[in-house]
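For reference, the chains in residue letters:
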Amino acid sequence: MPGKTGTSRKAEAGGYGDDYVAVFAGLAPISNPRFAIAVMINEPQGDRYYAGDVAAPVFSAVMKSALLLTHIRPDDENERYTLLE
């Protein structure tokens, strides 16, 4: 499920602070999009604050569950997924 990541520092008075916002947005299935989901993680904690590390996994889990619950087949017929993956 392709998408776009974005990681940015939060603005504060006089410039940028030390806190981040991580975003991942995408569509699925790509062959015939039925869902668009955007995930925003405000101030991710720890050393892993990039969107690919914190927002993309959330997107993947939510999108896989949405496709499964609505009985929409993945583009890759060999891909298997469950609600608890």
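Below is a summary of the structure that appears in this document.

1. What to know about the packing of aromatic side chains
Stage number 1. Counted according to the given criterion, the structure contains three aromatic pairs.
Stage number 2. Measuring from ring centre to ring centre gives 4.8 Å for Phe24 and Phe59, while their planes differ by 50°; the resulting arrangement is tilted. Within this pair, whereas Phe24 is found in strand β2 (residues 15-28), its partner Phe59 is found in helix α2 (residues 56-69), the two being separated by 35 residues in sequence. Phe59 shares its class with Phe24; the two are buried.
Stage number 3. Among the aromatic residues, those joined into a ring-pair cluster are Tyr20, Tyr49 and Tyr50.

2. Focus: the pattern of salt bridges
Stage number 1. Inspection of every chain in the model, using the stated rule, returns three salt bridges.
Stage number 2. Of the charged contacts in the structure, one is a salt bridge between Lys10 and Glu43, with a shortest N-O distance of 2.9 Å. With a gap of 33 residues between them, Lys10 in strand β1 (residues 3-12) and Glu43 in the loop between β3 (35-42) and α1 (51-54) connect regions that are remote in the sequence.
Stage number 3. With a relative accessible area of 24%, Lys10 lands in the partly exposed category.
Stage number 4. A salt bridge links Asp53 to Arg48, with the nearest nitrogen and oxygen atoms 3.3 Å apart.
Stage number 5. For Arg48, a relative accessible area of 53% corresponds to the exposed category.

What counts and what doesn't
Note that residues are indexed from 1 along each chain, following the sequence as it is written. Per-residue local features of the predicted model are confined to residues with pLDDT of at least 70, and side-chain atom pairs are confined, for both listing and counting, to 80 or more; whole-chain, interface and lining totals are unaffected and use all residues. Each side-chain value is derived from all of the structure's non-hydrogen atoms; neither hydrogens nor water enter the calculation. For Phe, Tyr and Trp, where Trp contributes only its six-membered ring, two rings pair if their centres lie within 6.5 Å, and the inter-plane angle classes them as stacked under 30 degrees, edge-to-face over 60, or tilted in between. By definition, any uninterrupted DSSP run of H or I lasting at least four residues is a helix, any uninterrupted run of E lasting at least two residues is a strand, and each is numbered from the N terminus. Partly exposed residues are those whose accessible area sits between 20% and 50% of the maximum for their type, while under 20% is buried and over 50% is exposed, using a 1.4 Å probe and protein chains only. By convention in these notes, a salt bridge is any Lys or Arg side-chain nitrogen within 4 Å of a carboxyl oxygen on Asp or Glu.

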